[in-house]
Amino acid sequence: MSLFSSDIEIPTTLLVESTLWVLVAFSVATWTLILIKGIQNWRIGRQNRLFRADFWHAPNLQAAAELGGHTGPIARLAQAGFASLADADRHSDLEHSGDRQDQLERALRQQYQKERRGLEAGLAVLASIGSTAPFVGLFGTVWGIMQALVDIGKTGSASLEVVAGPIGEALIATGVGIAVAVPAVLAYNVFLRRVKAVSADIDDFSADLINLSRRAGFRIGRSAADASTTARPADPRATQGVESPALREVFA
């Protein structure tokens, strides 16, 4: 039996409308993620700036470890690092055996991976929508053209009245698919760049913390505070040009 035989009714309107509703759902998901990720990145940038400023204004490493009221990737990274140093003094099991520097680096690496996963959350959805939305719209286009050919076969006429409706619906589906894909692709590229920038800041702070901890003997306390006065940070951007008489002062 031929696909275009006259006894086969293809529900073009229903299929095209379904395609458009799928694209609408894609669009809602895209703009929801854009809003959520935008707020997330703004908050992360602010939280990281505030924590780094307070961290480098701390009088010593012990005071820096006791900073409270901070959230954000860098703050959580520092908390994980200080916790690993504190646990090394309290535990002697297999998990805490080995060199203190290795324990610190492992804790920082694990926390870095957690923060990276949080930053990348939702990007796969944006990438998927950006790559599939045009093809979803194209599906509606192809089906509309098929119905136009069926109508031509039924009537034996290719007049505008016969083909205008199905082809018009088909073109709308294609346009909507492209309109949905463009914001998703642009948002994906913007947020991916932000992930790389924040990840670089986290990595820089990790190097600073390891450097400070090494000079303090990888211990938190009075001895760590005294030893930390000889350390030098790798990130001169932390306080945005504001000099502190504390941890930062020793790098002059």
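Since the structure is predicted, the reported quantities are computational estimates derived from the model, not experimental observations.

**Quick notes on the side chain of asparagine 41**
Next, step 1: Its place among the elements puts asparagine 41 in helix α1 (residues 12–57).
Next, step 2: Here the side chain of asparagine 41 touches lysine 37 through a polar contact of 2.7 Å, landing on its backbone oxygen.
Next, step 3: Not counting residues up to four positions away in its chain, the partners in contact with asparagine 41 are Phe191 and Arg194.

**Section: the nonpolar core**
Next, step 1: The biggest cluster of nonpolar side chains holds 31 residues, and the ones touching the most others in it are Phe51, Phe55, Phe82 and Phe205.
Next, step 2: Secondary structure elements with two or more residues in this core: α1, α2 (61–65), α3 (73–90), α4 (100–120), α5 (123–155) and α6 (160–215).
Next, step 3: For this core, the element with the highest residue contribution is α6, accounting for nine residues.

**Thoughts on the pattern of salt bridges**
Next, step 1: Summed over the entire model, instances satisfying the criterion amount to two salt bridges.
Next, step 2: Between arginine 76 and glutamate 115 there is a salt bridge, and its shortest N-O distance comes to 2.7 Å. Taken as a pair, arginine 76 in helix α3 and glutamate 115 in helix α4 lie far apart in primary sequence, 39 residues in all.
Next, step 3: Its salt-bridge partner being arginine 116, residue glutamate 120 comes within 2.7 Å of it at the nearest N-O pair. Here the residue glutamate 120 and the residue arginine 116 both occupy positions in helix α4, the gap between them amounting to four residues, near one helical turn.
Next, step 4: Given the relative accessible area of 22%, arginine 116 is considered partly exposed.

**What about the confidence of the model for the protein chain?**
Next, step 1: When pLDDT is averaged along the protein chain, the result is 79; 74% of the residues meet or exceed 70.
Next, step 2: Of all secondary-structure elements in the protein chain, the lowest mean pLDDT belongs to helix α7 (residues 222–227), at 40, while α1 reaches the highest, 91.
Next, step 3: Across residues 1–8 the pLDDT falls below 50, and counting only partners more than four positions away or on other chains, this stretch makes 10 contacts in the model.
Next, step 4: The low-confidence segment residues 222–245, where pLDDT is below 50, has 51 contacts with residues more than four positions distant or belonging to other chains.

**Let's talk about the environment of leucine 192**
Next, step 1: On the secondary structure map, leucine 192 appears in helix α6.
Next, step 2: Measuring from C-alpha to C-alpha, the distance between leucine 192 and glutamate 120 comes to 7.6 Å, with 72 residues separating the pair along the chain.

**Digging into α4**
Next, step 1: Taking 1.5 Å as the rise per residue, α4 with 21 residues should run 30 Å; its terminal C-alpha atoms sit 30 Å apart, in good agreement.
Next, step 2: Those residues of α4 that fall on the buried side of the exposure criterion are Arg100, Gln101, Gln103, Leu104, Ala107, Leu108, Gln111, Glu115 and Leu119. Within α4, the buried residues cover an arc of 160° as seen down the axis, which keeps them to one side.

**Focus: the packing of aromatic side chains**
Next, step 1: Scanning the entire structure with this criterion turns up four aromatic pairs.
Next, step 2: Where phenylalanine 51 meets phenylalanine 205, the ring centres are 5.9 Å apart and the plane angle is 65°; that geometry is what we call edge-to-face. In this pair, phenylalanine 51 is assigned in helix α1 and phenylalanine 205 in helix α6, connecting sequence segments 154 residues apart.
Next, step 3: Note on phenylalanine 51: relative accessible area 3%, which makes it buried.
Next, step 4: Overall, the relative accessible area of 1% leaves phenylalanine 205 in the buried class.
Next, step 5: Geometrically, the ring pair formed by phenylalanine 55 and tryptophan 56 is edge-to-face, given 4.9 Å between the ring centres and 90° between the ring planes. Across the pair, tryptophan 56 and phenylalanine 55 agree in class, each one buried.
Next, step 6: Within the aromatic cluster, the residues linked to one another by ring pairs are Phe51, Phe55, Trp56 and Phe205.

**As for the environment of alanine 170**
Next, step 1: Relative to the helices and strands, alanine 170 resides in helix α6.
Next, step 2: A relative accessible area of 0% means that alanine 170 is categorised as buried.
Next, step 3: Residues alanine 170 and glycine 137, spaced 33 residues apart in sequence, show a C-alpha to C-alpha distance of 8.1 Å.
Next, step 4: With sequence-adjacent residues up to four places away left out, alanine 170 is seen in contact with Gly140, Thr141, Gly144 and Ile145.

About the cut-offs
- Residues numbered from 1 in each chain as written.
- Predicted model: local features only at pLDDT ≥ 70, side-chain atom pairs only at ≥ 80, totals over all residues.
- Heavy atoms only, no water.
- Helix = DSSP H or I, 4+ residues; strand = E, 2+ residues; numbered from the N terminus.
- Polar contact = N/O pair within 3.5 Å; in protein donor to acceptor, adjacent residues only side chain to side chain.
- Contact = heavy atoms within 4.5 Å.
- Core = buried A, V, L, I, M, F, W, Y, C linked by side-chain atoms within 4.5 Å.
- Buried < 20%, exposed > 50% of the residue type's maximum accessible area, 1.4 Å probe, protein only.
- Salt bridge = Lys/Arg side-chain N within 4 Å of Asp/Glu carboxyl O.
- pLDDT = per-residue confidence, 0-100.
- Expected span 1.5 Å × (residues − 1).
- Arc of directions from axis to C-beta.
- Phe/Tyr/Trp six-rings, centres within 6.5 Å; stacked < 30°, edge-to-face > 60°.

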